[in-house]
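# Commentary on secondary and tertiary structure
Each chain, written out:
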There are 4 protein chains.
Amino acid sequence: MSSPNARPLGVALIGYEFMGRAHSQAWRTVGAAFEVPPIERRVIVGRDEQKVAAAATRLGWQSHATDWREVLEREDVDIIDICTPGFLHAEIAIAALEAGKHVLCEKPIANDTAEAERMVEAARRAQERGQVAALGHTYRRVAALAQARALVESGRLGRLLQARASYLQDWLVDENAPMSWRLRRETAGSGALGDIGSHAIDQIQFLTGQRATSVRGRLETVVPERPGPDGPERVTVDDAAWATLELEGGAIASIEASRLAGGRKNQLVIELYGTEGSLRFDLEALNELWFLDATVPAAEQGFTRILVTEPDHPYVEGWWPPGHTLGWENAFTNQAYDLLRAITEDVPFSPDFADGLALQRVLDAIIASDAADGASVQVP
Amino acid sequence: MSSPNARPLGVALIGYEFMGRAHSQAWRTVGAAFEVPPIERRVIVGRDEQKVAAAATRLGWQSHATDWREVLEREDVDIIDICTPGFLHAEIAIAALEAGKHVLCEKPIANDTAEAERMVEAARRAQERGQVAALGHTYRRVAALAQARALVESGRLGRLLQARASYLQDWLVDENAPMSWRLRRETAGSGALGDIGSHAIDQIQFLTGQRATSVRGRLETVVPERPGPDGPERVTVDDAAWATLELEGGAIASIEASRLAGGRKNQLVIELYGTEGSLRFDLEALNELWFLDATVPAAEQGFTRILVTEPDHPYVEGWWPPGHTLGWENAFTNQAYDLLRAITEDVPFSPDFADGLALQRVLDAIIASDAADGASVQVP
Amino acid sequence: MSSPNARPLGVALIGYEFMGRAHSQAWRTVGAAFEVPPIERRVIVGRDEQKVAAAATRLGWQSHATDWREVLEREDVDIIDICTPGFLHAEIAIAALEAGKHVLCEKPIANDTAEAERMVEAARRAQERGQVAALGHTYRRVAALAQARALVESGRLGRLLQARASYLQDWLVDENAPMSWRLRRETAGSGALGDIGSHAIDQIQFLTGQRATSVRGRLETVVPERPGPDGPERVTVDDAAWATLELEGGAIASIEASRLAGGRKNQLVIELYGTEGSLRFDLEALNELWFLDATVPAAEQGFTRILVTEPDHPYVEGWWPPGHTLGWENAFTNQAYDLLRAITEDVPFSPDFADGLALQRVLDAIIASDAADGASVQVP
Amino acid sequence: MSSPNARPLGVALIGYEFMGRAHSQAWRTVGAAFEVPPIERRVIVGRDEQKVAAAATRLGWQSHATDWREVLEREDVDIIDICTPGFLHAEIAIAALEAGKHVLCEKPIANDTAEAERMVEAARRAQERGQVAALGHTYRRVAALAQARALVESGRLGRLLQARASYLQDWLVDENAPMSWRLRRETAGSGALGDIGSHAIDQIQFLTGQRATSVRGRLETVVPERPGPDGPERVTVDDAAWATLELEGGAIASIEASRLAGGRKNQLVIELYGTEGSLRFDLEALNELWFLDATVPAAEQGFTRILVTEPDHPYVEGWWPPGHTLGWENAFTNQAYDLLRAITEDVPFSPDFADGLALQRVLDAIIASDAADGASVQVP
């Protein structure tokens, strides 16, 4: 894949919490699952020295550091994988790209559009230098969703008539769940819409291959106050959001995101309806893709439960025999594989920062629509 | 139930198409399923003498007639069951009520709000005379939905946080499906919103026991032209609709109706999310109710598939042993049972015409919101 | 269908309990659902005059009687529908056939093979006289199972490799459920095997079109004693049964029947596996048929959930539009329709008494195998 | 967990094919998922030097070797993980135990009972010296099955009345699939029964905590010949098997294993029915456990779909937040975790070699029963 005497690609991971753990698992396993150039897990970065040292040991990194700027200067580091909170993405990603590194940045791209625009500009310049700037909308690498995209791309759905996506969780169902930084606009940036609604919208645009051109949106904070240390505090982000998106091709996609849906732990459901076929996916059962082929005679028509574990399915060759299901984490390994291919084989990586900016603009438009009492807002 | 020497209640059915067939089945079977006063299926009414005569024979009515006004004068007719197209509802229902008859009127209550208001006024007067004016939102009598209402009413869901209802069909997926009267506003009154979205909204209000206070809506005609006899014609009703409803208690309900969802034949899905429990129902599998009890320990929590065929479930006593499932039609029999109880036992029948008017106002508000580019509209 | 001036076919129903109610529903609705010759529900027969009189009123029969022999003499009765306990089947059916009547006899055909053989002989003679002798394995008329048969018959499964059928109920899970006549061999004839296992075996033979040639069986009475009025009594029928059947074509079918499967209310599950396709059906969700077409490319293969409510599906033309599901009871109406077609159009009705005898011989062989500690037993 | 200055535990893996890959993934990830003592992946062993060298690089082992006997002599190796074909298990495991190593041996324990007995004896001696001899029935570490066992153990099912387990695959559906070593008794030892039926039986015994005391069995080779290089060859192992097991507590478990079930890729389904509750599991959807609590009121009773991703569920603490599902491979990491706990914390590891021998005796009894035309055979 790479020239035989090239040195291994060095990876640095910034962040060691939930996403840091998931990305570590990916870097740890990608070489076993797929044929990729050699990599070295050089360094993991975090502000708390004790914690990041422990993380390095536990997650399998050669070293740790507390200052990401120093890491950017290391010659033996080629890839900067950014798993920090969103408000740090822009600063680190731009610096890393300017330092000549390839970058994988977790979603959301940034806390606001201005930041995202600067990131896109930095990525544009870096790409001209042969660097990769990748955005971590990892669900695009769930095998069933990659297979869904393949079906759409090959025309099996005909012309898209309608789409639906909902992302439901339930960790705010308890009305007495305490106030936290994730429920304040200043610290969290956004609520259900930005956190999980963004996945729903990304999937709609990814699967259909169509951008949203205008939106109508609604945000609600159904539980407006939650207990803080000194009494009730005001929740300043949405705990549920709804939108309708007009897509380029004329179809409408409905979007729903919620943290109030009791029993829905991580339920991203996507449905696509075309003139010749339909698709359904549920992240809580991510090995299954439901496909309806409308060209089959009516008496035999229906949704087919495809267990996406066949060698012909995307990414599955790297894993196990048919019927041996994959988990949530494998998509991160698939993502690392695609990133390494992008770096060494010049295969474009999607989504890039421009896709992230475009998504951010859809989210902004939804917020603007809600602020305008639901009126339609064009996506720039 | 009724006084022993009372003569049987005479029923007249107006209309013999799809709904006429379903109502006939109900009148034919209600006495076997439930303990009700004796009834006689006196007369079926339709404009085409030959067809209505054949329908009388086939559907088991003692006689037929072509003029509903004559039927209103018959002494041996006590109940007028109106299964005509919606634009005739007001005229017939008001006349029947004024003639002293009990009335069961299929949904939608009327073609417009003015008509519905007159019907409500006629019903109010009739109710004072002891007559029943019932509206045929039959799905309220699907056993699983009646059981769902019972669970909500007994507090098993706690405080409602969020609701979702979608009614998806697919008979317009074919872009070359021909133009018809059902796709013209003048003749059909409305499209997907009024036809099936109305069921979704009725269920939300019925199950939660909460009225919508304001709405935001969107209607779309995704396939704007369809082939007519002399070339393409313009479709003037919506083929899909979306809305968010603010309910009295503060929760938001999302609504979606579509005739473009390939493979969804008659899929009314309802989800309710409360602080202590959640519910899910799908009309395509109408014997099942999915209930999550959030008070159960987390390690054992999940959606429970209740097969609603137990003697303790609503209406099931009239039917078969556990596990012997019911079909779509049985709800009509359950409805006839409730109507007869309302007439002879003074048990209120819900929904009444006022409920139908209230629902009509929600639909109007959604249409008004769409006309206002999605802005919120109060429900009067 | 019949000659225009023929008098209506008169039906007599013997039995008014569970099966009597289901058959009454069928006779009451068949003329509305399907184009059939006129019928009259002449008389319902039962030993308890008061109860049968009430049943006549409630279930819609013109008269009642307490002596089935008298009814056989009535000129205006053409069809004898036998819904009595099994030990009466032979006597009534043979007499009815000898009286020149058409007969529909509920399953099981008889309490023992000798009786069944006499019934087959009587049916043979009657058939020569143009009479119909039909056996009520009603599940063959569930639309999804009829569709399953159509798929097998048209070769969509290729060569059968394996079959599975289980019929699970749970009404004996409670170890303290009282002793009853159904749990004594003298009165009940058989336990789970004969009562519900017989359905499983009938479906296997019906769907595959193959007879069992040899069997191995096991019967168990897991709860051997149950409380009687004067203390514990011994249960003398099986509460669960297992068998493997070798079919004519060489494939093995596994059979399981149980009254001990908590939560399974009426779960008859059938799976067929062939070289070119597979099928799955579950009676608790009887509108669905799951079909796998093994000729589809692997990446799109899987079980397709066919909602058997399309006009192209068997019997559905008589009922409702797509997506409007049917219940358990509709199969009885479908059965009445096929019986009337057999009488008036000379379409053979399957299963006939010979099929019932053949099934009885399979059940006998399973019992004999269990008695022989599980050794193989040929089916005569 | 271990003393702070202990050196890391050295692991040697023998075998690099499918199971070798899965075990490598486990050793690679166990330290990140769980708090375990440090381990070193010292050496991977295989006969083909070139292939095993490549495997070492790809799967992340420090070195490779072609002679497992040499590896047993290494001081820096503490754990021998045996992933070879079954006929080598006994020789390697006994030698490893005698060399003082801890052993993890993939299932099946051995090719025949005599071998297994010698392994048990070696393990007994080794256990006295403080060594661990573990058998790799990995499915016991699927979180949902571990949770199922916890529910049974805590009495939530009451007394067991009945159990069912089927393991269906489809890789022999094609009648022209070629002959191979896996289809010859000499090389494969057994067919569907030993390969996958053994999992079904192990689960029954594991979940219920009850051993089989007697069995009746049936083995079939439905496709008796398959194409070899020089024409048709005779298949000498079963391609499907059925058995009923009498369990210690008196309940019957039915077992079915097949390689002929089209569309079933890896479908191990287990059902347990007790007096107070029921369970269902399907390996193709391994994050779900279906539990029926029979003590709930009938109107709310049904199978609950528990998504086994909560912190309270077994092993889940090592992985991801609720709703982030696990794959087939994670159970191997859970197994490595339990093995390390057994070594360092003296927590017994189950199953051990004696469990493997006991399972082998059940399989032998089934084969003996089939040879005796299905008659009951006691399990020694």
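It should be emphasised that the depicted structure is a prediction, and the values quoted were computed from it without experimental measurement. (Residues numbered from 1 in each chain as written. Chains lettered and ligands numbered in written order. Predicted model: local features only at pLDDT ≥ 70, side-chain atom pairs only at ≥ 80, totals over all residues. Heavy atoms only, no water.)

### Observations concerning helix α1 (residues 18–33) of chain D
Residues and elements named next belong to chain D. For α1, which comprises 16 residues, the first-to-last C-alpha distance of 22 Å matches the rise-based estimate of 22 Å (1.5 Å per residue) to within 8%. By the largest-angle criterion, Trp27 marks the main kink of α1, which is about 30 degrees. Along α1, 13 of the 16 residues are buried, which leaves the element largely enclosed by surrounding structure. (Helix = DSSP H or I, 4+ residues; strand = E, 2+ residues; numbered from the N terminus. Expected span 1.5 Å × (residues − 1). Bend = angle between axes of the 7 residues up to and from the residue. Buried < 20%, exposed > 50% of the residue type's maximum accessible area, 1.4 Å probe, protein only.)

### Focus on the relation of the copies chain A and chain C
With an RMSD of 0.0 Å, the fit of chain A onto chain C corresponds to turning through 180 degrees and sliding 0.0 Å along the axis. In the structure described here, the two chain copies are related by an operation that fits a two-fold rotation axis. For chain A, the smallest separation between a C-alpha atom and the rotation axis is recorded for Thr304 of chain A, amounting to 1.9 Å. The fraction of interface residues of chain A whose copies in chain C are also interface residues reaches 100%, indicating that both copies meet through the same surface. (Least-squares fit on C-alpha atoms with pLDDT ≥ 70 in both. Contact = heavy atoms within 4.5 Å.)

### Quick notes on the pairing of strand β13 (residues 267–274) of chain D
Residues and elements named next belong to chain D. Across the 8 residues that make up β13, a large majority, 8, are buried. Burial of the side chains of β13 extends over both faces: Gln267, Val269, Glu271 and Tyr273 are buried on one face and Leu268, Ile270, Leu272 and Gly274 on the other. Strand direction decides the pairing type here: strand β7 (residues 160–168) and β13, joined by 8 bridges, are antiparallel. Opposite Ser166, over in β13, you have Val269 as the bridge partner. When β13 meets strand β14 (residues 277–282), the two strands line up antiparallel, connected through 5 bridges. (Pairing = 2+ DSSP bridges.)

### A few points about the domain arrangement of chain A
Residues and elements named next belong to chain A. According to the domain assignment, chain A consists of domain 1 (9–137) and domain 2 (143–285 + 287–326 + 350–378). Listed per partner, the contact involves 23 residues of domain 1 and 19 residues of domain 2. Taken together, the links from domain 1 to domain 2 amount to 5 residue pairs in polar contact (both at pLDDT 80 or more). Looking at the side of domain 1 that touches domain 2, the elements that each hand over two or more residues are α1 (18–33), α4 (89–98), β5 (102–106), α5 (113–128) and β6 (133–136). The dominant element in the side of domain 1 that touches domain 2, judged by the number of residues it contributes, is α5, at 7 residues. Here the residues of the side of domain 1 that touches domain 2 are counted per class, giving 15 nonpolar, 5 polar and 3 charged. (Domains from an automatic or database assignment. Polar contact = N/O pair within 3.5 Å; in protein donor to acceptor, adjacent residues only side chain to side chain. Nonpolar A, V, L, I, M, F, W, Y, C, P; charged D, E, K, R; others polar.)

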